[in-house]
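The primary structure of each chain is shown beneath.
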Amino acid sequence: AFYDASMQPPAGLPAIPVIWGSDAVHGHSNVFGATIFPHNIGLGAANDPDLLREIGAATALEMRATGLEWTFAPTLAVVRDDRWGRTYEGYSEDPRITARYAAAIVTGWQGAPGGVGHLTGDKIVATAKHYLGDGGTVGGRDQGDNIDDEADLVRLHAAGYPPAIEAGVRAVMASFSSWHGEKLHGHRYLLTTVLKERLGFTGFVVGDWNGHGQVRGCSNANCAAAFNAGIDMFMVPEDFAKLYENTLAQVRDGTISEARLDDAVRRILRVKKQSGLFEAGRPSTRPHAGRQDLLGAAAHRELARRAVRESLVLLKNERGLLPLSP
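What counts, and where the lines are drawn
- Residues numbered from 1 in each chain as written.
- Predicted model: local features only at pLDDT ≥ 70, side-chain atom pairs only at ≥ 80, totals over all residues.
- Heavy atoms only, no water.
- Pairing = 2+ DSSP bridges.
- Helix = DSSP H or I, 4+ residues; strand = E, 2+ residues; numbered from the N terminus.
- Axes fitted to C-alpha atoms, helices over the stretch in contact; angles between N-to-C directions.
- Buried < 20%, exposed > 50% of the residue type's maximum accessible area, 1.4 Å probe, protein only.
- Polar contact = N/O pair within 3.5 Å; in protein donor to acceptor, adjacent residues only side chain to side chain.
- Contact = heavy atoms within 4.5 Å.
- Expected span 1.5 Å × (residues − 1).

So, the sheet that holds strand β8 (residues 204-206)
Here is step 1: The 3 strands lie next to each other as β3-β5-β8, forming an open sheet whose pairing is parallel. The sheet is open, and its two borders are formed by β3 (127-131) and β8, each paired with just one other strand. Taken pair by pair, the neighbouring strands of this sheet meet at an average axis angle of 25°, ignoring direction.
Here is step 2: Note that strand β5 (residues 171-174) and β8 share 3 bridges and pair parallel. If you follow V172 over to β8, its bridge partner there is V205.

Rendered as structure tokens:
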């Protein structure tokens, strides 16, 4: 119904198909019967980029079976404090592992840039997240503040992004966290100057769940600051109608420039065009849609068993450390 509505615009306006994303982070895990792979902390222990590429390809197929074309993954957080409650979402505390994995998993989901079937058919759109520094907040506080200097931000926390961009990742999700007290959803230097200009990212930047509402001076229904900083697509579950009206008014009164609006629209349209959405038809009519045999397919479950085997870590009890004394 959402797709049908997007393809029936008011008279004289072009039909622009809706794009739909889901958190298929370690398999299409929101769907009953789908193959569940070890979470990222286990996959990181495997230290096997080829395994990640295969998992991405299998997950893309299972997402296509449900008519979807966009995943909110991979999570490229480099976890530096085990007190963070989301440590399991990162592959490693070692940025080298995250960097090696980024291109592999993106290629598994999206296919090789310029290759046959890239972003279409068996493949889907991937999202590198959460940009930037979410794994290094003070005290491991979720949605907290990262106070590393810029050299460490680059060396540790940004390690996965250049490989992901080189592999053609089409979306980047902004982090709930801050860098030196400034929320990433409102950080123009990191979102625009660094990501879009310096790193040459040509896809679109999507916000996290009401993350723009945490920017100073903003609410969930009103945030020109996040848009001006470089957020191209808001993730706004309840207040979307009011946010739409406010954003439109802010373009009309000059708070948001038409050039910034055009940039955001262009980026989103580019990804929709590259992923074949304009020709794809209704989700239920797309390749693999409705194929129950792909959900939890035997080959995918065998791949998951292999991933479990590779993710197991044997600890050697040297010098009688275990059992720990109470």
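A look at the side chain of H185
Here is step 1: In this fold, H185 is placed in the loop between β7 (182-183) and α7 (188-198).
Here is step 2: Given a relative accessible area of 1%, H185 falls into the buried group.
Here is step 3: A distance of 3.0 Å separates the side chain of H185 from the backbone oxygen of S175, its partner in a polar contact.
Here is step 4: The residues contacting H185, other than those within four sequence positions of it, are A174, S175, F176, L191, G207, D208, G211, H212, V215, A226, A229 and I231.

Overview of helix α3 (residues 49-65)
Here is step 1: Helix length check: α3, at 17 residues, gives a terminal C-alpha distance of 25 Å against a target of 24 Å (1.5 Å per residue), a fit within 8%.
Here is step 2: In terms of burial, α3 is largely enclosed, as 13 of its 17 residues are buried.
Here is step 3: Capping the start of α3, D48 holds a side-chain oxygen 3.2 Å from the backbone nitrogen of D50, two or three residues further along.
Here is step 4: Phi for G67, located one or two positions after α3, is positive at around 80°.

Describing unusual backbone geometry
Here is step 1: The omega angle of the peptide bond from K129 to H130 is -10°, so this bond is cis rather than trans.
Here is step 2: Following the sequence through the fold, H130 ends up in strand β3.
Here is step 3: In the segment running from Y131 into L132, the intervening peptide bond is cis, with an omega of 10°.
Here is step 4: Mapping L132 onto the fold places it in the loop between β3 and β4 (145-146).
Here is step 5: Phi is positive for Q143, close to 60°, though the residue is something other than glycine.
Here is step 6: Checked against the element boundaries, Q143 lands in the loop between β3 and β4.
Here is step 7: With a phi angle near 50°, H180 is a residue other than glycine that sits in the positive phi range.
Here is step 8: Within the secondary structure, H180 is located in the loop between β6 (178-179) and β7.

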